[in-house]
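# Working through the structure, step by step
What follows is the residue order along each chain.
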Amino acid sequence: EVNLNYGFWMGKYEVTQAQWEAVTGENPSEFGGENHPVEHVSWDDIQNDFLPQIAGGFRLPSGAEWEYACRAGTETRFYWGDDPNHEEIREYAVYAANMRNGTDEVGTKVPNSWGLYDMSGNVYEWCEDCLHYGYLNAPNDGSAWIEPPTDYRVYRGGGYNFEPPWCRSAGLRSGDEPSERLNWVGFRLVRSL
């Protein structure tokens, strides 16, 4: 259980290819479209090439912040309900059954009740945390879990080529080396109040 006793803003959409290119001057994405989420960017690329170029205190979310925003006050498997037979997911997520061959434009599916789009599917989203297996000794204040450090960084949310169970609000916490660039991982930004 985590108690967030502070406020933060989270991006309504995943960072797009147009936004990444406006900041860095290049577009590394495999799947074209300026309004598609940028992908093929590593955690290191975000920290070293993107965030230092923008003002305003933007950062990657902690895993706890990401899940809190994804759930949007719900306690169900998905932010739209339990959806036991995965009949509703196609209205809310870009995932394997409706977009196996690449990303879609951000914001094409129904948002969660807080107005955040693509929290499930389209691309997994990098978080600030190091990847730890289990929750023993995890911070309970919503901060990023970076101690003790590990060789991997967390991403959350499912992607265009993943099945419904991977898109759950508390779904798979997975990760990779911070230098890894994958065509199914992008990010969104947060800013503390």
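Residues numbered from 1 in each chain as written. Predicted model: local features only at pLDDT ≥ 70, side-chain atom pairs only at ≥ 80, totals over all residues. Heavy atoms only, no water.

### Side note on the overall build of the protein
- Helix and strand counts for the protein stand at five helices and seven strands.
- Taken from the N to the C terminus, the helices and strands of the protein come in the order β-α-α-β-α-α-α-β-β-β-β-β.
- In the protein, buried positions account for 48% of the 193 residues.
- By sequence separation, contacts in the protein at least 24 residues apart represent 69% of the contacts at least 6 residues apart.
- Carbon and sulfur atoms make up 46% of the accessible area of the protein, which amounts to about 9300 Å² in all.
- Charge-centre separation for the protein: the mean point of 14 positive side chains lies 4 Å from the mean point of 31 negative side chains. (Helix = DSSP H or I, 4+ residues; strand = E, 2+ residues; numbered from the N terminus. Buried < 20%, exposed > 50% of the residue type's maximum accessible area, 1.4 Å probe, protein only. Contact = heavy atoms within 4.5 Å. Areas by Shrake-Rupley, 256 points an atom, 1.4 Å probe, with all protein chains shown as cover. Lys, Arg positive; Asp, Glu negative; His and termini not counted. Charge placed at Lys NZ, Arg CZ, Asp CG, Glu CD.)

### Considerations on the sheet that holds strand 2 (residues 58-59)
- Reading across the sheet, the three strands line up as 1-7-2 and stay open at both edges, with antiparallel pairing between neighbours. Whereas interior strands pair on both sides, the edge strands pair on one side only; in this sheet they are strand 1 (8-10) and strand 2.
- Its contacts with the sheet put helix 3 (residues 63-71) on strand 1, strand 2 and strand 7 (190-192), and the angle it makes with strand 1 is roughly 70°. (Pairing = 2+ DSSP bridges. Axes fitted to C-alpha atoms, helices over the stretch in contact; angles between N-to-C directions.)

### Some remarks on a negative patch on the surface
- Side chains of Glu21, Glu26, Glu34, Asp49 and Glu105 sit close together on the surface and give a patch of like negative charge.
- Relative to the helices and strands, Glu34 resides in the loop between helix 1 (17-24) and helix 2 (43-50).
- By relative accessible area, Glu34 is classed as exposed at 57%. (Patch = residues over 30% accessible without salt bridge, like charges linked within 9 Å, V, L, I, M, F, W, Y side chains within 5 Å. Salt bridge = Lys/Arg side-chain N within 4 Å of Asp/Glu carboxyl O.)

### Examining the environment of Ser62
- With respect to the secondary-structure elements, Ser62 resides in the loop between strand 2 and helix 3.
- Judged by its relative accessible area of 2%, Ser62 falls in the buried class.
- For the pair formed by Ser62 and Val38, sequence separation is 24 residues and the distance between their alpha carbons is 19 Å.
- If we ignore the near neighbours within four places in the chain, the residues touching Ser62 are Cys127, Glu128, Asp129, Gly142, Ser143 and Ala144.
- One polar contact links the side chain of Ser62 to the main-chain carbonyl oxygen of Gly142, over a distance of 2.6 Å. (Polar contact = N/O pair within 3.5 Å; in protein donor to acceptor, adjacent residues only side chain to side chain.)

### Re the environment of Trp166
- With respect to the secondary-structure elements, Trp166 resides in the loop between strand 4 (153-156) and strand 5 (174-176).
- Distance from Trp166 to Pro111, taken between C-alpha atoms, is 18 Å for residues 55 residues apart in sequence.
- Ignoring anything within four residues of it in the chain, the contact list for Trp166 reads Tyr124, Gly157, Gly158 and Leu172.

### Concerning helix 3
- Of all nine residues in helix 3, seven are buried, a share of seventy percent or more.
- Within helix 3, the full set of buried residues consists of Gly63, Glu65, Trp66, Glu67, Ala69, Cys70 and Arg71.
- In this structure, the buried side of helix 3 is in contact with strand 1, strand 2, strand 3 (124-130), strand 4 and strand 7.
- Note on helix 3: the residue one or two positions beyond its end, Ala72, has a positive phi of about 50°.

### Quick word on the sheet that holds strand 5
- Spatially, four strands are ordered 5-4-3-6 in an open sheet, and the strand pairing comes out mixed. On the outer flanks of this sheet lie strand 5 and strand 6 (185-186), each paired with one strand and no other.
- Two strands pair when backbone bridges link them, and strand 3 and strand 6 are joined in this way by two bridges, in the parallel orientation. Counted as the bridge partner of Glu125 is Gly186 from strand 6.
- Relative to the sheet, helix 2 contacts strand 3 and strand 4, its axis offset from that of strand 3 by approximately 80°.
- Across the sheet, helix 3 is in contact with strand 3 and strand 4; its angle to strand 3 comes to roughly 140°.

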